[in-house]
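A closer look at the structure
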Amino acid sequence: MTSGGQAQIGNVDLVKQLNSAAVYRLIDRQGPISRIQIAEHSQLAPASVTKITRQLIERGLIKEVDQQASTGGRRAISIITETRGFNTIGIRLGRSDATLTLFDLSGKPLAQEDYALPERTQETLEHALFNAIASFMEQYERKLRELIAISVILPGLVDPVNGIIRYMPHINVNCWPLVANLQARFNVTSFVGHDIRSLALAEHYFGATRDCADSILVRVHRGTGAGIIANGHIFLGSNGNVGELGHIQVDPLGERCSCGNFGCLETIAANSAIEKRVRHLLSQGYNSVLREECGIHQICQAANRGDALATEVIEHVGRYLGKAVAIAINLFNPQKVVIAGEITEAEKLLLPAIEGCINTQVLKAFRKNLPVVRSELDHHSGIGAFALAKRAMLNGILLQHLLEG
Ligand SMILES: [Zn+2]
């Protein structure tokens, strides 16, 4: 995740890392919690729990709080995480811009800035991005306590294990070693991830799918993509990329897709395709409150106010989206489906259209008690990037760096 050296980690060190992570995870997820409870839940020896919590306290990552009365009459000290002394920078790298957010370790955004990045080569983009990071750090120096991670999310094909960008939709990249370069320049543990997959993980940690281990998030924006959370982890496969829902063929005689095939979902369920369809219908003379110049936001608003054309357009997208989502449900049997993207502003029309497909195209046992909900974090730029740092705390990789550093 941070370097190839992780693979050679010694067994003793690995056990240490896993035990520290188990304790930290319990405190993070269930705190305030006592040492006795931690020992019970983790099945670690009480002496190990005492030792690990001492290290975590000394590092400032956890703290003791009020005493709670235990059943035996003895009072046990409870422990919670300490999040204010540590920061991460989460970066959402788009096609022509980047949003940088300074987080504390609870995921609270402390500052945010947008930077225009119109660069068209890997080298110039990296240069401009690193300059943006440097100036962001300088600008918010007073808010910065201890910077423990920089994470970047982006569209494209990402190898998160080796920290390499293999493909970006708008520029040619040549196995871009972004993580290694970030770490060399800023001397901070760094992570990269796919934007939608990372958003799915953020929903699992802090949002709509906190209550379930298996979920699917589908986001409609420039295209359509999905993130699959299986047993609490992003499902990536050995190639590091799973969830190209947008290239499921939903219309055999449909439009040509950017991928070269015909009738892919994202030729219908993408903001530009939706806007194009509205323009086309208006040019045919259909009646609507919408005018030629309208974006996805205006279309959703018109649909919410009952405009017949806008309503039909949203439901049309919902039916095709639903067809692909139904396939994904039959494959992965999730506990919840999350829909993200600007189009969810018309959720009252969109979600029932998707649910209609699920009800007729999904195995009965799989669709029982299956909520389809709107993303809780989509508007929260960079939260997916923060989720990558959070994951590294919970699985012990970043945590161990901090304890040893
Ligand atoms: Zn395609």
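Quantities reported herein were computed from a predicted structural model and do not represent experimental measurements. (Residues numbered from 1 in each chain as written. Predicted model: local features only at pLDDT ≥ 70, side-chain atom pairs only at ≥ 80, totals over all residues. Heavy atoms only, no water.)

**What to know about the pattern of salt bridges**
What the rule picks out here adds up to 15 salt bridges. A salt bridge links K390 to D28, with the nearest nitrogen and oxygen atoms 2.8 Å apart. Of the two residues, K390 sits in helix α12 (residues 383–394) while D28 sits in helix α1 (residues 11–30), which places them 362 residues apart along the sequence. Each member of the pair, K390 as well as D28, carries the same accessibility label: buried. (Salt bridge = Lys/Arg side-chain N within 4 Å of Asp/Glu carboxyl O. Helix = DSSP H or I, 4+ residues; strand = E, 2+ residues; numbered from the N terminus. Buried < 20%, exposed > 50% of the residue type's maximum accessible area, 1.4 Å probe, protein only.)

**Considerations on the sheet that holds strand β6 (residues 109–116)**
Two orientations exist for strands paired in a sheet by backbone hydrogen bonds: parallel and antiparallel. Read across the sheet, 5 strands follow the order β6-β5-β4-β7-β10 without closing on themselves; strand pairing throughout is mixed. A strand with exactly one partner marks an edge of an open sheet, and here the two such strands are β6 and β10 (190–194). Direction aside, the axes of adjacent strands within the sheet are offset by 20° on average. Lying on the sheet, helix α5 (residues 178–186) is in contact with β7 (146–154) and β10; it crosses β10 at an angle near 150°. Where helix α6 (residues 195–206) meets the sheet, it contacts β7 and β10, and its direction lies at approximately 105° from that of β10. (Pairing = 2+ DSSP bridges. Axes fitted to C-alpha atoms, helices over the stretch in contact; angles between N-to-C directions. Contact = heavy atoms within 4.5 Å.)

**Looking at the pairing of strand β14 (residues 336–341)**
With 6 of its 6 residues buried, β14 lies for the most part within the structure. Neither face of β14 is left uncovered, since the one carrying K336, V338 and A340 and the one carrying V337, I339 and G341 both have all their residues buried. Across 3 bridges, β14 lies against strand β15 (residues 372–374) in parallel orientation. The partner of V337 across the bridge, within β15, is V372.

**Quick look at the domain arrangement of the protein**
Along its sequence, the protein is carved into domain 1 (4–81), domain 2 (86–200 + 382–404) and domain 3 (209–374). Here the C-alpha centre of domain 2 lies 28 Å away from the C-alpha centre of domain 1. Facing 14 residues of domain 1, the contacting portion of domain 2 comprises 14 residues. Regarding the contact of domain 1 and domain 2, the summed buried area is about 1,300 Å², with carbon and sulfur atoms giving 60% of it. When the area that domain 1 buries against domain 2 is broken down by residue, the three leading residues are Q17, Y24 and R59, summing to 41%. Linking domain 1 with domain 2 are 2 salt bridges. The closest approach of N and O atoms between E146 and R59, which form a salt bridge, is 2.5 Å. Here domain 1 is connected to domain 2 by 4 residue pairs in polar contact (both at pLDDT 80 or more). If you list the elements that add at least two residues to the side of domain 1 that touches domain 2, you get α1 and α3 (46–58). Among the elements that make up the side of domain 1 that touches domain 2, the one with the highest residue count is α1 (8 residues). When grouped by side-chain class, the residues that make up the side of domain 1 that touches domain 2 number 4 nonpolar, 5 polar and 5 charged. (Domains from an automatic or database assignment. Buried area = accessible area lost by both parts, 1.4 Å probe. Polar contact = N/O pair within 3.5 Å; in protein donor to acceptor, adjacent residues only side chain to side chain. Nonpolar A, V, L, I, M, F, W, Y, C, P; charged D, E, K, R; others polar.)

**Notes on a nonpolar patch on the surface**
Taken together, the side chains of F235, I327, L331 and F332 define a hydrophobic patch exposed on the protein surface, amounting to about 360 Å² of accessible area. Among the secondary structure elements, L331 is positioned in helix α9 (residues 308–332). Classification of L331 by relative accessible area gives exposed; the value is 63%. (Patch = residues over 30% accessible without salt bridge, like charges linked within 9 Å, V, L, I, M, F, W, Y side chains within 5 Å. Areas by Shrake-Rupley, 256 points an atom, 1.4 Å probe, with all protein chains shown as cover.)

**Some words on helix α10 (residues 347–361)**
Over its 15 residues, α10 runs 20 Å from end to end, which matches the ideal 21 Å to within 8%, given 1.5 Å per residue. Summarising the contacts, the buried residues of α10 are in contact with α8 (296–304), α9, β14, α11 (364–367) and β15. (Expected span 1.5 Å × (residues − 1).)

**Brief notes about the confidence of the model for the protein**
Averaged over all residues, the pLDDT of the protein equals 94, while 95% of them reach at least 70. Every residue in residues 1–5 is under pLDDT 50, and counting partners more than four places away or in other chains gives 16 contacts. (pLDDT = per-residue confidence, 0-100.)

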